[in-house]
Amino acid sequence: MEGLKSVLRHVPAYVLLQRIVGADRLRYRCIEEIRPGETVLDVGCGPAYYFPRLPQPVKYHGFDTDAPYIDWAEQRFGGENASFHCGIFDEAAARALPQIDVVLLLGLLHHMSDEQCTELLNLSASVLSPGGRVISLDTCFEPTQGRISRWMSENDRGEYVREPAAFEKLALQSFGQVEGKVVNDATHIPASYWMMTMTAPTGSWAE
Ligand SMILES: C[S@@+](CC[C@H](N)C(=O)[O-])C[C@H]1O[C@@H](n2cnc3c(N)ncnc32)[C@H](O)[C@@H]1O
C-alpha cells in the first residue's frame, strides 16, 4: 500500500489511476451540478484533471497543499478565469475571494479529522453567495456494500472514512440543509462514496 501511495504522488500516475478505476466519472457527477456563469471554489483540487468538464463560462479558484499537483493544473488550465493556489485554504485565503456559488470538496473530508472538517465547513459556508452550495464527495462505509467495496473503504488513503450519518452530522453543524446519497455505481470496481450537498449556512456569517 505504501508503494501505491508514493506512485500517486506522481501526477500523471494519479490521473491515470483515477481514469482506470472510474473515479473521474464520480467527479463528473458532482460537476454536473454546476451551472454556467457560476463562481467555483475547489478546495483540495489536486491536479484538477476534471477541469475541462466544467460548464463554461465559470470562474474557478483551486487550492491544494501539494505543489506538484498545483503546478500541473496551473500549466494546463490556469488563465484569466482559473487560478490555482498552493496552500491550505484558511481564513486569509477565504477573505481574499469573491462570493462563491459552489464550493467543491472532492475527496477531502475523509482525509480530515472531525475538528478539521468543522473548521473547513464553517470556512466554506462563510464564502458562499446567497443560494450557494457546498458539494462534497468521499469514500464511505455503508451497510449495503459488499466485501470488495468494504475492502476499498478500509484501504483508502484517507484516515477518516466515515458512515454517511457521520458526514451528515458534521455538515449539520454549519448548514441548515444537507442532502446526500450513496454512489456505488460509478466506478469500475465496487466502491461506495457519499455525495453530499450543503446549503443554507447557519453561522454568524449567514446573518
Ligand atoms: C484525494 S485528493 C483529491 C484531489 C481532487 N479533488 C480529486 O478529486 O481528484 C485530496 C487533496 O486534498 C489536498 N489537501 C489536503 N488537505 C488540504 C487542505 N487543508 N487544504 C487544501 N488542500 C488539501 C491534498 O494535497 C490532496 O491533493
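For the structure, see preceding data.
The present account deals with the structure reproduced in this document.

Conventions we followed
- Residues numbered from 1 in each chain as written.
- Predicted model: local features only at pLDDT ≥ 70, side-chain atom pairs only at ≥ 80, totals over all residues.
- Heavy atoms only, no water.
- Helix = DSSP H or I, 4+ residues; strand = E, 2+ residues; numbered from the N terminus.
- Rg over C-alpha atoms; globule rule 2.2 N^0.38 Å.
- Buried < 20%, exposed > 50% of the residue type's maximum accessible area, 1.4 Å probe, protein only.
- Contact = heavy atoms within 4.5 Å.
- Areas by Shrake-Rupley, 256 points an atom, 1.4 Å probe, with all protein chains shown as cover.
- 1 Å grid on protein atoms, 1.4 Å probe; cavity = no way out; pocket = protein on both sides within 12 Å on 5 of 7 lines; lining within 4 Å.
- Points joined across faces, edges and corners; volume = space filled by probe spheres on them.
- Nonpolar A, V, L, I, M, F, W, Y, C, P; charged D, E, K, R; others polar.
- Core = buried A, V, L, I, M, F, W, Y, C linked by side-chain atoms within 4.5 Å.
- Polar contact = N/O pair within 3.5 Å; in protein donor to acceptor, adjacent residues only side chain to side chain.
- Pairing = 2+ DSSP bridges.

Once that is clear, we can look at the overall build of the chain. Helix and strand content of the chain: eight helices and seven strands. Taking 17 Å as the expected radius of gyration for a compact globule of 207 residues, we find that the chain reaches 16 Å, a close match to that expectation. Seen through its C-alpha atoms, the chain measures out along the principal axes to roughly 45 × 40 × 30 Å. Here the chain, with 207 residues, has 51% of them falling under the buried criterion. Pairs at least 24 apart in sequence give 64% of the contacts found in the chain among residues at least 6 apart. With an accessible surface of roughly 10,200 Å², the chain has 52% of that area assigned to carbon and sulfur atoms.

Moving on, we come to the layout of surface pockets. Estimates place the volume of the second largest pocket at around 160 Å³. Together, Glu 33, Gln 177, Glu 179, Gly 180, Lys 181, Met 195, Met 196, Thr 197 and Thr 199 line the second largest pocket. Within the residue set of the lining of the second largest pocket, elements represented by two or more residues are β6 (175-183) and β7 (193-201). Its residues placed into classes, the lining of the second largest pocket shows two nonpolar, four polar and three charged.

Relative to the assigned elements, Tyr 28 resides in helix α3 (residues 23-31). Discounting residues that sit within four places of it in the chain, Tyr 28 has contacts with Arg 19, Tyr 50 and Arg 53.

The nonpolar side chains of soluble globular proteins are, as a tendency, buried together. Counting residues in each nonpolar core, the largest one holds 34 residues, and the members touching the most others are Tyr 50, Tyr 60 and Phe 84. Mapped by element, the contributors of at least two residues to this core are α2 (11-21), α3, α4 (67-77), β3 (82-86), β4 (100-106), β5 (128-139) and β7.

On to the side chain of His 110, then. Looking at the secondary structure, you find His 110 in the loop between β4 and α6 (114-126). Looking at His 110, the relative accessible area reads 4%, which means it is buried. In terms of polar contacts, His 110 uses its side chain to reach the side chain of Asp 156, at 2.9 Å. Not counting the four nearest positions on each side in its chain, His 110 is found in contact with Asp 138, Thr 139, Asp 156, Gly 158, Glu 159, Tyr 160, Val 161, Arg 162 and Phe 167.

Turning to the pairing of strand β1 (residues 39-43), a few remarks are in order. With respect to burial, β1 is a largely interior element, five of its five residues being buried. Of the two faces of β1, the one holding Thr 39, Leu 41 and Val 43 and the one holding Val 40 and Asp 42 are both buried throughout. Bridging between β1 and β4 involves three bridges; their strand directions are parallel. Note on β4: the bridge partner recorded for Leu 41 is Val 103.

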